[in-house]
Structure formats: C-alpha cells, structure tokens
Amino acid sequence: MTKNTRKAEPSFYQSVQNYFDNAAQHTGLHQGLLDQIKACNAVYRMHFPVKVGNEYKVIEAYRVQHSHHRTPTKGGIRYSNHVNQEEVMALATLMTYKCAIVDVPFGGAKGGVKINPWEFTPHQLEKITRRYTTELLRRNAIGPSIDVPAPDYGTGGREMAWIYDTYRTFKGDDIDAAGCVTGKPVNQSGIRGRTEATGRGVFYGIREAVSYKDDMAKIGLEPGLEGKTMVIQGLGNVGSHTAIISQDEGGAKIVGVSEVEGAIYKADGMDIHDVLKFRKETGSILNYPGATSFEKKDRYAVLEFECDILVPAALENQITAENAARIKAKIIAEAANGPVTSEGEAILLAAGKIIIPDVYLNAGGVTVSYFEWLKNLSHMRFGRMEKRFNQNTYANIVELVERLTGHTISDKEKALIARGADEIDLVRSGLEETMITAYGQVREVLKQKKNVSDLRTAAFVNAINKIASDYLSLGIFP
Ligand code: GLU
C-alpha cells in the first residue's frame, strides 16, 4: 500500500484500548464495569518554571493514576521530549494490567516530564525533579499509601533519591517516607536487584515461554533458550540486562543489537559484555569487529534482522503496519512498553509469530519495586532475621548426613548447601517465582478460552478478571 492510502496507525493509547477491547469481549463482564476498568481515573497536568542558566523554562509534566481499585498506585516517571498526555495515559493504563498479571497489589500510574534529560546538567535535572515532586505533593499525588513513582525511560536511581529526599523534607514525620518512591539507590533505602529487575524478568519470561515443547513446535523451534539467536533493540537498562542475563544464564546467542547511533549484526553471535565494553570505549556500537554495521539512519533494520527472538527494548510504536510483514523473528519479546501497535500485532499474529506481551514480560521492574516498598514499610532488609538461622540449620543437616552415611561432603558442596539467603537471593527467587506463576496463569487462559489464541489477549483477560473481582466484591457492579 502506498503512504496515502494506508489507514493511519493507531496511537499508543489507542493500541492499548484496542487490546483491552479485544480481551474484554471474552470476559462476559458488565459493560459498566469494563468501562470503569478501562478509564483513566485521574490525570494531573502541570506546568512549572525552572531557571536554566539565565533563562526561565516552563516545564510540562504529567502524572496519571489509571486505576484506584488498589492503592497505592504505581508506575515510573519518564523524562523525554516526546512525553504527552496520551502517552502517559497509555503507560499508566498498562501499569494497571501489569500489576494485576503479576499479582502486585497496586493500581497503575505513570509520570512524564517533557524534557530531553541529556540536554540538562545534573544540577538542573535535580531542580526539575525536586520541583516536579513538590507539584505532586501539592496535589497529594505522592506517598507510600497514595502513589509511588519509580524509574522509567530517562530516569534512574539518582532521580529517585532526589524524589525521596524532597518528600522527606516535606513529610519528615512520615515514618514510612522511604516507601514514597522505588528504584532508589541501595544506600538510600533501595533494594538489591532492582536495577537489573526488568531485564531479569524479561529473561525469566522468555525462558518460560520457550520451555513448552508444543508451543515451540508450532513455530518450528526446539524448546529451551540455549543456543537460540536473539536481537535486542536498545541497550538501555532493560535491553542491556536482558542481553547479559539471557546470554550468561540462558545460553542465548546475541546476534544483533541497536542503539541511537546505529545497529550491528553478526550471524554467529557476539559477546554482549564485549559489545558494551566496545561502546563504552569508542562511544558507539558501530564498527564492532566482525559485525555488519548499519548507520544511524538505518538503525531500524535491527527489527528485521534474522533471529529466533526479537527483543524491542526501547520505546513504543516500533513495529507497525508498515514494517510488521518484514519481521523475521519467530518470537517478539516486548521488553519495552507498547513496542507493537495493534495493527502491527495483527500482521505478526497472522504470520504465525508468538508475541510475549509487555504487560507480562516487563513486569519484573514493578515486581521488585513491590519488594522494595515492602522492605521500606518493614524497615528491614530481607533475609536479616533468618539468614544465619537457616545457615546453621543446613550446616547441622549436612553434618548429620556425613555422620550417618560416613561420606565426607566437600567444602564446595557444603558452601552451596549450608547457606542462608541474602537479600539479592530472595529478590531473584521472588522475581523468578512471580514470572513463572504469571506465565502459567496466562497460558491457562489460552487453554480455557477457545476463542483466545494469543498471549496478549490472554494476559489482558487475566488482568481484567482480577481487577473486576475487586470491584465485584464491593458490590458496585452487578
Ligand atoms: N517503569 C517501570 C515499568 O514500566 C517500573 C514501574 C515501577 O517499578 O513502579 O514497569
């Protein structure tokens, strides 16, 4: 089709609404209830001035709380020039379903500040972040029991520490103040394993999805991640951790990656640590030895690279009606939020591909945020009470086995068995358990509902039903 005759692509928000509607028809729920679940409950739009050099810049910012069926509401804050109300609404909406799918007891929210963070100095970013937090405080739109932000595109631990500090300045008497934001640095009441959490969750989700023999047979692949070829779009926090963990712990072969400067492809695989080191040293992935380089203007070629698993880990609306037919990967693993439009999805599904949807796959971030929030409310590191006790108990069992059997257990084996869990061990196992259980639930919907044939619709059905049951138990809807 030529450009002029093609139907306009749905916006990100429209895609999310389409996904909801597709799934809603399989739930049999009252239309009024579905409308309530679908609607964004609160949208805050703010403008505030910040002095940058000799100028005053008026900054546009948002916080959207999509659903209050559970509180606090939860979701990251994005710093990007592309931020707009609809985008933040779409992202907040996804957070609601995401939390429901992984049984994180929060409503969905999202924040956005319309700036290019790379154009500001750290001092200016600090001013913007603190002022944004103050705007949220004014509206009673932040707090451990109200709404809890986290990092997203363009923000990280540093920004979260500023938010926490600003909140504490105003709410010094709130003993749970640390729970007002997650993704904080570990020494600022953060939790070990939060930075890698989204990428690690993506890895667990992909590993789980490819473990089913029947599902893999349908797309002509053997079960198991080992040796599968993987392409990653975007080497930010999510993309880089997904690549590292999939390679190191899952044996996946990274054959292609892209970043803002371009893309690279090497059919027989690249060591992702080496690629990241090369980028750090040269400032670019381009000309990585042995790989074919695609310059900046051709970087979207990454989506069309030959591979088993394509991981879009950048931004929304990457796979659309325009390029979907050219995607060669058999599995599209949505590490980013909204990388495939609803039109793009229809083409991919018709071509027999498996899409592991964002609402499930990238929920590892908010899952570990939930652990961080719990840690903050309990005022104690996970594992502190039981680690030594467990270690001693296991050591006693090992000794007993040695005594009863007459066999000596090597020091290496002892160290492996007789150990108590540290915070990082518990976070990782909690995350692994969450991702596996949630996948099982989504797959079960696929099995139960004869008219549902894709993972996204199944995931949305699962989410909608869980949220609906909260409303139904209140007797608000029939
Ligand atoms: N921004 C992340 C997401 O899109 C994390 C949200 C959170 O941890 O609250 O899921």
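Above: the structure in question.
### Observations concerning helix 4 (residues 122-138)
Then comes step 1: Along its 17 residues, helix 4 runs 24 Å from first to last C-alpha, staying within 8% of the 24 Å computed at 1.5 Å per residue.
Then comes step 2: Taken together, the buried positions of helix 4 are occupied by Gln124, Leu125, Ile128, Thr129, Tyr132, Thr133, Glu135, Leu136 and Leu137.
Then comes step 3: Elements that come into contact with the buried residues of helix 4 comprise strand 1 (42-52), strand 2 (55-65), strand 3 (73-79), strand 4 (107-113) and helix 5 (157-170).
Then comes step 4: Within two residues after helix 4, Asn140 carries a phi angle of roughly 55°, on the positive side.

### Thoughts on the packing of aromatic side chains
Then comes step 1: Under the counting rule described, the total for this entry stands at 15 aromatic pairs.
Then comes step 2: For the ring pair Tyr97 and Phe460, a centre distance of 5.0 Å and an interplane angle of 50° mean the geometry is tilted. Taken together, the residues Tyr97 in helix 3 (residues 85-101) and Phe460 in helix 16 (residues 455-473) connect sequence positions 363 residues apart. The same class applies to Tyr97 and to Phe460, which are both buried.
Then comes step 3: Relative to Tyr439, the ring of Tyr360 lies with its centre 5.5 Å away and its plane at 55°, an arrangement referred to as tilted. Placement of Tyr360 in helix 11 (residues 358-361) and of Tyr439 in helix 15 (residues 423-448) is noted, with a sequence separation of 79 residues between them.
Then comes step 4: Overall, Tyr439 belongs to the buried group, its relative accessible area being 3%.

### A look at a nonpolar patch on the surface
Then comes step 1: Judged by side-chain polarity, Tyr394, Ile397, Val401, Leu416 and Ile417 come together as a nonpolar surface patch covering roughly 470 Å² of accessible area.
Then comes step 2: Tracing the backbone through its elements, the reader meets Ile397 in helix 13 (residues 387-405).
Then comes step 3: On the basis of relative accessible area, Ile397 is assigned to the partly exposed category, the value being 45%.

### Overview of the site of the ligand
Then comes step 1: The environment of the ligand is formed by 14 residues, the closest being Lys74, Lys98, Lys110, Asp152 and Ser369.
Then comes step 2: Side-chain polar atom of Lys74 to an oxygen atom of the ligand: 2.8 Å apart, as the coordinates give it.
Then comes step 3: Between the ligand and Ser369 there is a distance of 2.5 Å, counted from an oxygen atom to a side-chain nitrogen or oxygen.
Then comes step 4: Considered on its own, the ligand offers 300 Å² of accessible surface; in the complex 95% of this is hidden by protein.
Then comes step 5: Looking at the shell around the ligand, the elements with two or more residues in it are strand 3, helix 3, strand 5 (147-151) and helix 12 (364-378).
Then comes step 6: When grouped by side-chain class, the residues that make up the shell around the ligand number four nonpolar, five polar and five charged.

### Quick look at helix 2 (residues 31-38)
Then comes step 1: Of all the positions in helix 2, only Leu33, Leu34 and Ile37 are classed as buried. Mapping the buried residues of helix 2 onto a view down its axis gives an arc of 100°, with all of them on the same face.
Then comes step 2: Residues of helix 2 that are buried sit in contact with helix 1 (12-24), helix 3 and helix 16.

### Observations concerning the nonpolar core
Then comes step 1: In terms of nonpolar packing, the biggest core is built from 111 residues, with Ile206 and Ile356 touching the most fellow members.
Then comes step 2: No other element matches the eleven residues that helix 3 contributes to this core.
Then comes step 3: If we skip the residues at most four places from it in the chain, Ile356 touches Ile206, Ala209, Ile331, Ile332, Ala333, Glu334, Leu361 and Leu455.
Then comes step 4: In terms of nonpolar packing, the next biggest core, distinct from the first, is built from 27 residues, Ala61, Leu136, Met160 and Ala178 among them.

### Some thoughts on the packing of helix 6 (residues 197-209) against helix 15
Then comes step 1: Axis separation between helix 6 and helix 15 bottoms out at 9 Å; the angle between their running directions is 45°. Our classification of the angle between helix 6 and helix 15 gives oblique. Helix 15 is crossed by helix 6, and the crossing has right-handed handedness. On helix 15, the residues touching Ala197, Arg200, Gly201, Tyr204, Gly205, Arg207, Glu208 and Ala209 of helix 6 are Arg428, Leu431, Glu432, Met435, Ile436 and Tyr439.

Rules used throughout
Residues numbered from 1 in each chain as written. Predicted model: local features only at pLDDT ≥ 70, side-chain atom pairs only at ≥ 80, totals over all residues. Heavy atoms only, no water. Helix = DSSP H or I, 4+ residues; strand = E, 2+ residues; numbered from the N terminus. Expected span 1.5 Å × (residues − 1). Buried < 20%, exposed > 50% of the residue type's maximum accessible area, 1.4 Å probe, protein only. Contact = heavy atoms within 4.5 Å. Phe/Tyr/Trp six-rings, centres within 6.5 Å; stacked < 30°, edge-to-face > 60°. Patch = residues over 30% accessible without salt bridge, like charges linked within 9 Å, V, L, I, M, F, W, Y side chains within 5 Å. Areas by Shrake-Rupley, 256 points an atom, 1.4 Å probe, with all protein chains shown as cover. Salt bridge = Lys/Arg side-chain N within 4 Å of Asp/Glu carboxyl O. Near = heavy atom within 4 Å. Polar contact = N/O pair within 3.5 Å; in protein donor to acceptor, adjacent residues only side chain to side chain. Nonpolar A, V, L, I, M, F, W, Y, C, P; charged D, E, K, R; others polar. Arc of directions from axis to C-beta. Core = buried A, V, L, I, M, F, W, Y, C linked by side-chain atoms within 4.5 Å. Axes fitted to C-alpha atoms, helices over the stretch in contact; angles between N-to-C directions. Parallel < 35°, antiparallel > 145°, perpendicular 65-115°, else oblique. Left-handed = near helix turned anticlockwise from the far one by under 90°.

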